[in-house]
Amino acid sequence: MTGVTFLTGSGGLPKLEITTAWSTAEIYLHGAHVTYFQKRGEPPLLFLSDQSRFESGVPIRGGIPIIFPWFGKPADKPGQHGFVRNRSWTLKEIKTTDDGIVTTRLILPPDPELRADDITVEYEVAFSDGLSAEFIVTNKSAQAYAFENCLHTYFAIGDIHSLRVVGLQGVTYLDALDGHQRKTETAEAIRFAGEVDRAYVNTPHRVEIHDTARQRVIRVEKTGSASTVVWNPWIAKAKAMADFGNEEYQRMVCVESGNVAENQITLAPGGIASLKVKLSSEATA
Ligand code: BG6
């Protein structure tokens, strides 16, 4: 039955459960965090760690964390990946269209670190046979506002060893494992045999995740995004993360869409920046 139900989720945090004719999904108000999406007849699309914490003030490990207003950990910033993934958001609107697509719109309450009401942040997610997420920043102030953003999506996959990520050949990336040096992707498909942590820049193109173990292809299409980050922690980093299982690196990959590093956005007074990501999947068998 199509609709949205309010529930108490893990750690007592409020969540919305969304059901459409094609899919089921969950979104927590904590971080406006989509933790679950499953198209009928397919395994879940999003990875969520069994070890994730569900507490105010700490991010959920998996799903789609919203990274804003900075990515990574610049020396002059407190903490990693901004702070909105740790804030409690407010549900603004739920819509169901005649054709059965359910949309939720969440808003970040006025935040002193975002010049109170001057910078507003909203997040709209449409659920159907795929998922479309739009992260919207509005600059209502009289000065320009510079930021990075990223929808840090964790995908559930069958086996990292046979996974291929396609669509980034020829693109320049900053290699976080090598002092953020600039390199060029030469491979037709990225394969994984160790930790990968790369910010591909100046790439508005779609990326495909070919999951041969699950006989599924996942498509990541985007607008308003010039960067794609690809990350898998592999063995040592997995063990070092308290909120991530030691073996879970085999069942996930992050393909993140946003605007990071040299693609950071400077929003003019009165400007609106929209980052839109459409996730879809298809069996290949
Ligand atoms: C990725 C970064 O986007 O996020 C990695 O490129 C980082 O360097 C990863 O380890 C996870 O970050 P966090 O803050 O959620 O542990």
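Relevant structure appears above.
Note that residues are indexed from 1 along each chain, following the sequence as it is written. The predicted origin of the model limits local features to residues at a pLDDT of at least 70 and limits the giving and counting of side-chain atom pairs to 80 or more, whereas totals for whole chains, interfaces and linings rest on all residues. Side-chain numbers come from the whole structure's heavy atoms, not from hydrogens or water.

Novice: How should the sheet that holds strand E4 (residues 33-39) be read in this particular structure?
Specialist: Within a sheet, each strand pairs with its neighbour through backbone hydrogen bonds, oriented either parallel or antiparallel. Strand pairing is assigned whenever DSSP identifies at least 2 bridges connecting the two strands. Put simply, DSSP marks the helices as runs of H or I at least four residues long and the strands as runs of E at least two long, and each gets a number from the N terminus on. Spatial ordering of the open sheet is given by E1-E2-E3-E4, a layout of four strands whose pairing is antiparallel. In this open sheet, the two edge strands, each paired with only one partner strand, are strand E1 (3-8) and E4. Mean inter-strand twist for the sheet, computed between neighbouring axes without regard to direction, equals 15°. Across six bridges, E1 lies against strand E2 (residues 14-19) in antiparallel orientation. Bridge pairing links Phe6 to Leu16 in E2. Between N-to-C directions, angles cover 0 to 180 degrees, with each direction set by a line fitted to C-alpha atoms, over the stretch in contact for helices.

Novice: Please explain the pattern of salt bridges as it appears in this structure.
Specialist: Oppositely charged side chains can pair when the atoms bearing their charge come close. The salt bridge definition used is simple: a Lys or Arg side-chain nitrogen within 4 Å of an Asp or Glu carboxyl oxygen. Overall, the coordinates contain 22 salt bridges when judged by the stated rule. In this structure, Glu282 and Arg219 form a salt bridge, with 3.1 Å as the shortest nitrogen-oxygen distance. One end of the pair, Glu282, is in strand E23 (residues 272-283); the other, Arg219, is in strand E19 (residues 216-223), with 63 residues separating them in the sequence. Throughout this description, buried means an accessible area under 20% of the type-specific maximum (1.4 Å probe, protein chains only), exposed means over 50%, and partly exposed covers the range between. Classification of Glu282 as partly exposed rests on a relative accessible area of 41%. Judged by relative accessible area, Arg219 falls into the buried class, the value being 18%. A cluster of three or more residues bridged by salt bridges with shared partners is formed by Arg206, Glu208, Arg219, Glu221, Lys278 and Glu282.

Novice: Mind showing me how you'd approach the pairing of strand E20 (residues 227-232) here?
Specialist: Both faces of the sheet carry side chains from a regular strand, because those side chains alternate between them. For E20, the tally of buried residues reaches six of six residues, placing the bulk of the element in the interior. Side chains Ser227, Val229 and Trp231 project from E20 onto one buried face, and the interleaved Thr228, Val230 and Asn232 project onto a second face that is buried too. The pairing of strand E17 (residues 196-200) with E20 spans five bridges and is antiparallel. Bridge pairing in E20 links Asp197 to Trp231. In the sheet, E20 pairs with strand E21 (residues 252-259) via five bridges, with the strands oriented antiparallel. Looking at E21, one finds that Ser227 is bridged to Gly258.

Novice: Would you mind going over the nonpolar core with me for this structure?
Specialist: Nonpolar side chains in soluble globular proteins generally cluster together in the buried interior. The criterion is simple. A nonpolar core is a set of buried Ala, Val, Leu, Ile, Met, Phe, Trp, Tyr and Cys residues joined through side-chain atoms within 4.5 Å. Ranked by size, the top nonpolar core spans 69 residues in total, and within it Trp89, Tyr123, Phe135 and Phe192 carry the most contacts. Of all hydrophobic cores here, the second largest spans eight residues; its members include Cys150, Leu174, Ala199 and Val201.

Novice: For this particular structure, what's the right way to read the layout of surface pockets?
Specialist: Picture a little ball the size of a water molecule; that probe, rolled over the atoms, points out where space is still empty. Space inside the largest pocket adds up to approximately 560 Å³. For the lining of the largest pocket, the elements supplying multiple residues, two or more each, are E17 and E20. Residue contributions to the lining of the largest pocket peak at three residues, all from E17. Along the lines of polarity and charge, the residues of the lining of the largest pocket split into 13 nonpolar, five polar and 10 charged. Every definition here rests on a 1 Å grid over the protein atoms only: cavities are sets of points where a 1.4 Å probe fits but cannot get out, pockets are open sets enclosed by protein on both sides within 12 Å along at least five of seven lines, and lining residues have some atom within 4 Å of a point. Grid points are joined across faces, edges and corners, and a volume is the space filled by probe spheres set on the points. Of the volumes computed, that of the second largest pocket is approximately 190 Å³. The wall of the second largest pocket is formed by 14 residues, among which Pro69, Trp70, Lys77, Tyr145 and Ala146 lie closest to the centre. In this classification, the charged set is Asp, Glu, Lys and Arg, the nonpolar set is Ala, Val, Leu, Ile, Met, Phe, Trp, Tyr, Cys and Pro, and all remaining amino acids, among them Gly, are polar.

Novice: Please explain the site of the ligand as it appears in this structure.
Specialist: Neighbouring residues of the ligand: Arg61, Phe71, Gln80, His81, Arg85, His152, Asp197, Trp231, Lys237 and Glu256. For the purposes of these results, a polar contact is taken to be a pair of N or O atoms within 3.5 Å, where, inside protein, one atom must be able to donate a hydrogen and its partner to accept one; residues adjacent in sequence count only when each atom of the pair is a side-chain atom. With respect to the ligand, the side chain of Arg85 contributes an N or O atom lying 2.9 Å from an oxygen atom. One of the side-chain nitrogen or oxygen atoms of Asp197 is found 2.5 Å away from an oxygen atom of the ligand. Here the ligand has 390 Å² of accessible area as a free molecule, and 85% of this is covered by the chains. Among the detected pockets, the ligand sits in the largest pocket. A molecule or strand has a residue near it when one of that residue's heavy atoms lies within 4 Å. To measure how exposed things are, a 1.4 Å probe is used in the Shrake-Rupley method; for residues, cover is taken only from the protein chains shown. Throughout, a molecule is located in a cavity or pocket provided that more than half of its atoms lie within 2 Å of its grid points.

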